[in-house]
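A structural walkthrough
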Amino acid sequence: MSEKLLEVKNLEVIYKTDLETVRAVNNISFSLEKSQTLGLVGETGAGKTTTALALLRLLPDRTARVLQGEIVFNGKNIMELEEKEMRDIRGEKISMIFQDPMTALNPVMTVGAQIAEALELHNDANRGKEAVEKRVNEVLEMVGIPAMRKNDSPHQFSGGMKQRVVIAMALACEPELLIADEPTTALDVTIQAQVLAMMNELRDRLQTAMIMITHDLGIIAETCDNVAIMYAGEIIEYGTAEDIFEGEQHHPYTVGLFGSIPNLEVEARRLSPIDGLMPDPTNLPEGCKFSPRCPHCTDKCRREQPAYYETGTHRILCHLYSKEESL
Amino acid sequence: MYKYVIKRILLLIPVLLGVVFIVFFIMNLTPGDPGRLILGESAKQEDVDRLNDRLGFNKPYFVRFFNYIKDIVTKFDFGLSYATQKPVVDQILIKFPYTLKMAIASVFLSTIFGVTLGVTAAVKQYTAIDSSITVLAMVFTVMPAYWTGMLMILLFSIKLGWLPASGASSLKHYILPVLTIAITAMGSMMRLTRSVMLEAIRQDYVRTARAKGAPERRVVYGHALKNALLPLITSVGSMFGGMMGGAVLSETVFNIPGIGSYIVSSIRSKDIPAVMTCTLFFATLFSLIMLCVDLLYAFVDPRIKAKYVNS
């Protein structure tokens, strides 16, 4: 086993306003080794993006509160760093690709200038102006954009090209960890495949660790070593890709997720979704958060918060299996 | 780009013709005739009639209108002021520098302070700093210039004796009037900046900039403010343009011989050539300033530049 790059322990984040408290991330833990890829899967509102923003300490400071938890990156708890030290990490050690490439780039700056900015902010090697420009050309070529286009503005690029620019910007400083927050959701399907293939290729080449946030299990299957499935701010199942895709025991929610993927070989007239809706994060149910929608729900599930049931690398947050054990 | 500028300058011609036509028409509706105005109440009616005839006042409206335009275009002649019998243009050239100096200084002041305070308020939204800036902006906006000016004279000229209260003979004389104009303009500048910045700092690219590790000052001024500039430029431009017509209230309170008081006294004495020329002058300057604003847009926002180039 190689060394741990990132370790998140008992992270809990809420958004507090005068009117309500949104419990976005509830006590999650996971870890990531160097040059590995972790998939964070879940529905909209499961707390995936909040988790990612917490890693960079970019949560909106007026409403968001980190109630507890440690985020240890390279042996340092980044929750305790000064703002200035944190800035040195952002963009250089950990960088992020955002969901919507249409709005993630500053419309009044040329793409070259935006990439160069990341390089100049983390200019440890003391690159001169020319060296920075050279590196900008390099990363643009790396993501498949001709270097001569660096003086163009974002509006001159298509969506897929913009996402390439965002990726180039994120990789410019060769970060140790790349957080990709639904990098392909805003793109159409053919471009999705291109961008994903490119990201995989670059990740392998640069040996970058990656957290891939998505709700697309297909993407997870293609890219990830480990998978965390999130529901209502909790990681309800965690394991290697093999555990998740081929294991025998699963959280009922995971089963539902897989069940809702349409299958080409079986003729079905309707899709089979998971009944019900994600619980209101301002008013989470007692006990297991999935209990109102769970087909195997018992009284115990409604009363008690389940504990993890662990087998090897595989962790499931459900009473179903612990019950079997105790019986 | 050049094409666009030339097109815009050519468009000025119909705009100015329209302005002249309307003002000429309005002045035509006012009672009184130039002969009587020039010669005075006690002059003989025959002399007045003769003068009116010589000035072409007895010709139909459209003939006078075309003659007026013709004189301007062919001879660059804007006519003689009825009151002083001197070319109006000379008068304007004497008065305008006062107005221009005041306008530049007060636009500069109100922009610098208005934008900085507005940005600060937006960044610190819902804090005590934000509330104090918002209240200050409100107070500045509701204080009329003549009242602010009067208070300043009371405090700085009469009570403390630091600054002169009237006239424009030295740099010191400009301080109070410029402050007066700037304070009034600053209020709206602060409010506008705050609201456009509030929107800008919520944009995704601002988060991208933070994720790059950019320090807060760079995020706010380099990324967010640069995107919020368009409405600010428009506002500063029209504020500056508006001041080209003079700040009548401040000029009156502080007794500064600028364009504003000139235009008002010309209207009062029905000095038609003076009013016409001032209006024309003001309209031209305002249009040119707005053209500059539009060109600045292209400089700030590449999307608009692309539009200009393609049009």
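Here the structure is shown first, and the text comes after it.
No experiment lies behind these values; they were computed from the predicted model shown. Throughout this document, residue positions are counted from 1 along each chain, in the order its sequence is written. Numbering of ligands from 1 and lettering of chains from A proceed in the order in which they are written. Where totals are concerned, whole chains, interfaces and linings use all residues; where local detail is concerned, this predicted model gives features only for residues with pLDDT of at least 70, and gives and counts side-chain atom pairs only at 80 or more. Hydrogens are left out, water is left out, and the side-chain values use all remaining heavy atoms of the structure.

A helix here means a DSSP run of H or I that spans at least four residues, while a strand means a run of E at least two residues long, and both kinds are numbered starting from the N terminus. Secondary structure summary: chain B contains 14 helices and zero strands in total. Listing the helices and strands of chain B from first to last along the sequence gives α-α-α-α-α-α-α-α-α-α-α-α-α-α. Along the three orthogonal principal directions, the C-alpha set of chain B runs to about 85 × 60 × 30 Å. Note on classification: 1.4 Å probe, protein chains only; a residue is buried when its accessible area is under 20% of the maximum for its type, exposed when over 50%, partly exposed between these limits. Counting only residues that meet the buried cut, chain B has 44% of its 311 residues in that class. Residues count as neighbours in contact if any of their non-hydrogen atoms are within 4.5 Å of one another. A sequence separation of at least 24 residues applies to 73% of the contacts in chain B between residues at least 6 apart. Across chain B, 31 positive and 17 negative side-chain charges occur, with their mean positions spaced 12 Å apart. Positive charges come from Lys and Arg, negative ones from Asp and Glu, while His and the chain ends are left out of the count. Taken as the charge location is NZ of Lys, CZ of Arg, CG of Asp or CD of Glu.

Right, let's get into the interface of chain B and chain A. Contacts between the two partners involve 21 residues from chain B and, on the opposite side, 26 residues from chain A. For any pair of parts, buried area is found by adding up, for both, the accessible area (1.4 Å probe) each one loses once the two are put together. Summing the contributions of chain B and of chain A, the shared interface buries around 2,200 Å²; its carbon and sulfur component is 59%. Broken down residue by residue, the surface that chain B buries against chain A is led by Arg-207, Ala-211 and Lys-212 of chain B, which jointly contribute 29%. Any Lys or Arg side-chain nitrogen located within 4 Å of an Asp or Glu carboxyl oxygen qualifies as a salt bridge. The interface formed by chain B and chain A includes two salt bridges. Between Glu-117 of chain A and Arg-218 of chain B there is a salt bridge; the shortest N-O distance is 2.6 Å. Two N or O atoms form a polar contact when they lie within 3.5 Å of each other; inside protein one atom must be a possible hydrogen donor and the other a possible acceptor, and for residues adjacent in sequence the pair counts only when both atoms belong to side chains. Connecting chain B to chain A are eleven residue pairs in polar contact (both at pLDDT 80 or more). Sorting the residues of the side of chain B that touches chain A by element identifies α9 (204–211), α10 (216–243) and α14 (302–310) of chain B as the ones contributing at least two each. Looking at the side of chain B that touches chain A element by element, the count peaks at six residues for α9 of chain B.

Residue and element names in this part refer to chain A. Paired strands, in this sense, are two strands between which DSSP finds at least two bridges. Pairing within the open sheet is mixed, and its eight strands lie in the order β6-β7-β8-β3-β9-β10-β12-β11. Strands at the two margins of the open sheet, each flanked by one partner only, are β6 (94–97) and β11 (308–311). On average, adjacent strands in this sheet sit at an angle of 20 degrees to one another, irrespective of strand direction. Where strand β3 (residues 37–41) and strand β9 (residues 226–231) come together, four bridges link them in parallel fashion. Directly across from Leu-38, in β9, lies its bridge partner Asn-226. Taken strand by strand, helix α10 (residues 252–259) contacts β9 and β10 (234–240), and its axis lies near 100 degrees from that of β9. Geometry is summarised by axes, namely lines fitted to C-alpha atoms with helices restricted to the contacting stretch, and by angles between N-to-C directions that run from 0 to 180 degrees.

Moving on to the packing of helix α1 (residues 2–29) of chain B against helix α13 (residues 272–300) of chain B. How two helices pack is summed up by the angle between their axes together with the distance between the axes. Residue and element names in this part refer to chain B. The geometry of α1 relative to α13 is characterised by a closest axis approach of 10 Å and an angle of 150 degrees between their N-to-C directions. On the basis of the axis angle, α1 is roughly antiparallel to α13. When the axes of α1 and α13 are compared, the crossing they make is right-handed. Amino acid classes used here: Ala, Val, Leu, Ile, Met, Phe, Trp, Tyr, Cys and Pro are nonpolar; Asp, Glu, Lys and Arg are charged; the rest, including Gly, are polar. Of the residues in the contact of α1 with α13, the class split is 20 nonpolar, three polar and two charged. Angle categories: roughly parallel below 35 degrees, roughly antiparallel above 145, roughly perpendicular from 65 to 115, and oblique for all the rest. In this scheme, a crossing is called left-handed if the near helix is turned counterclockwise away from the far one by less than a right angle; it is called right-handed if the turn is clockwise.

Here we take up the packing of aromatic side chains. All names here are of chain B. Each Phe, Tyr or Trp ring (for Trp, its six-membered ring) is paired with any other whose centre lies within 6.5 Å, and the angle between the two planes then decides the class: stacked below 30 degrees, edge-to-face above 60, tilted in between. Inspection of every chain in the model, using the stated rule, returns 19 aromatic pairs over all chains. Seen in terms of ring centroids, Tyr-4 and Tyr-308 are 3.9 Å apart; in terms of plane orientation they differ by 15 degrees. Their pairing is stacked. Of this pair, Tyr-4 sits in helix α1 while Tyr-308 sits in helix α14, placing them 304 residues apart in sequence. A relative accessible area of 13% means that Tyr-4 is categorised as buried. Given the relative accessible area of 11%, Tyr-308 is considered buried. Both rings, one in Phe-21 and one in Phe-65, keep their centres 5.1 Å apart while their planes meet at 90 degrees; by these two values the pair is edge-to-face.

Take the nonpolar core next. It is characteristic of soluble globular proteins that their nonpolar side chains tend to be buried jointly. Residues Leu-6, Phe-30, Ile-115, Ile-167, Leu-177, Ile-179 and Ile-211 of chain A are the most contacted members of the largest nonpolar core, which totals 98 residues. If one sorts the elements of this core by residue count, helix α6 (residues 159–171) of chain A sits on top with seven residues. Non-local contacts of Leu-177 of chain A, meaning those with residues more than four positions away in its chain, are made with Leu-5, Leu-6, Leu-32, Phe-73, Lys-93, Ile-94, Ser-95, Thr-208, Ala-209, Met-210 and Ile-211 of chain A. Residues Val-119, Ala-121, Leu-232 and Met-239 of chain B belong to the second largest nonpolar core, which totals 56 residues. Definition used in this section: a nonpolar core is a set of buried Ala, Val, Leu, Ile, Met, Phe, Trp, Tyr and Cys residues joined via side-chain atoms within 4.5 Å.

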